[in-house]
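# Breakdown of the fold
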Amino acid sequence: MEVTGANRDLHSGTYGGAVANPITILAQMIASCHDKKNHITIPGFYDDVAVATKEERKLLPDTADQMPLNKFIAHAGISPAGMQLIL
């Protein structure tokens, strides 16, 4: 993907924000690829994803939504300070 803009910074004042900042547009595009529950919003992305059966899920190690929070934090190697979980 290539995002282009003006050949110089167009600050408020003369231009008054009439021209979108390419970095802002790119950040919005990237952010829109996930919803508030972190699900991918790209149409058709999940079309070919098979849903695991109960038997198959039992064979998987604990997932984030099944793990006690302290175990998840330790397993993920993260600090709980300032953490926001999306479960």
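Further up the page is the structure itself.
What counts as what
Residues numbered from 1 in each chain as written. Predicted model: local features only at pLDDT ≥ 70, side-chain atom pairs only at ≥ 80, totals over all residues. Heavy atoms only, no water. Helix = DSSP H or I, 4+ residues; strand = E, 2+ residues; numbered from the N terminus. Phe/Tyr/Trp six-rings, centres within 6.5 Å; stacked < 30°, edge-to-face > 60°. Buried < 20%, exposed > 50% of the residue type's maximum accessible area, 1.4 Å probe, protein only.

## Comments concerning the environment of F72
As for its placement among the helices and strands, F72 is situated in helix α3 (residues 69–76). A sequence separation of 10 residues divides F72 from D62, and the C-alpha atoms of the two residues are 9.2 Å apart.

## Quick notes on the packing of aromatic side chains
The full count for this structure, using the stated rule, is one aromatic pair. For the ring pair F45 and Y46, a centre distance of 5.1 Å and an interplane angle of 85° mean the geometry is edge-to-face. With a relative accessible area of 43%, F45 lands in the partly exposed category. Y46 sits in the partly exposed class, given a relative accessible area of 40%.

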